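Examination of the molecular architecture
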Amino acid sequence: MEEKPNRNRRIFIIVFILFVSIFVYISYDMASRTTAPWNKPKQLERALPINAPETDTLGLDSMLREVK
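Residues numbered from 1 in each chain as written. Predicted model: local features only at pLDDT ≥ 70, side-chain atom pairs only at ≥ 80, totals over all residues. Heavy atoms only, no water.

**Quick word on the overall build of the chain**
When its secondary structure is counted, the chain shows two helices and zero strands. Taken across its 68 residues, the chain has 1% of its residues classed as buried. On the chain, roughly 7,600 Å² of surface is accessible, and the fraction owed to carbon and sulfur atoms is 63%. (Helix = DSSP H or I, 4+ residues; strand = E, 2+ residues; numbered from the N terminus. Buried < 20%, exposed > 50% of the residue type's maximum accessible area, 1.4 Å probe, protein only. Areas by Shrake-Rupley, 256 points an atom, 1.4 Å probe, with all protein chains shown as cover.)

If you want it as structure tokens, here you go:
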């Protein structure tokens, strides 16, 4: 009769370790995919880079040419 509590305890320990391992993996995965609040401006800059032209491009626009 003493073998049964040891078996149940072993099953509990295995299930507990498995659960904690899965929880740690999911937590790490979520943390790697999200951005900390203090890094949000940097993320916006990476997502929408501002590539402002250095010169005036209105002269290159074909719709603004004068009709002769």
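**Observations concerning the pattern of salt bridges**
Inspection of every chain in the model, using the stated rule, returns one salt bridge. The closest approach of N and O atoms between R33 and D29, which form a salt bridge, is 3.0 Å. In this pair, R33 and D29 both sit in helix α1 (residues 3-33), four residues apart, roughly one turn of the helix. Classification of R33 as exposed rests on a relative accessible area of 67%. (Salt bridge = Lys/Arg side-chain N within 4 Å of Asp/Glu carboxyl O.)

**Notes on the packing of aromatic side chains**
According to the stated counting rule, one finds two aromatic pairs in the structure shown. Taking 6.2 Å as the distance between ring centres and 20 degrees as the angle between the ring planes, the aromatic pair formed by F12 and F16 counts as stacked. With a gap of four residues between them, F12 and F16 both fall in helix α1, about one helical turn apart. Take F12: its relative accessible area is 56%, and that puts it in the exposed class. What makes F16 partly exposed here is its relative accessible area of 49%. The interplanar angle of 25 degrees and the centroid separation of 6.4 Å between the aromatic rings of F19 and F23 together place this pair among those described as stacked. Placement of both F19 and F23 in helix α1 is noted, with a separation of four residues, approximately one turn of the helix. The same class applies to F19 and to F23, which are both exposed. (Phe/Tyr/Trp six-rings, centres within 6.5 Å; stacked < 30°, edge-to-face > 60°.)

**Section: a nonpolar patch on the surface**
Together, F12, I13, F16, I17, F19, V20, F23 and V24 make up an exposed nonpolar region whose accessible area comes to about 830 Å². Tracing the chain through its elements places V24 in helix α1. (Patch = residues over 30% accessible without salt bridge, like charges linked within 9 Å, V, L, I, M, F, W, Y side chains within 5 Å.)

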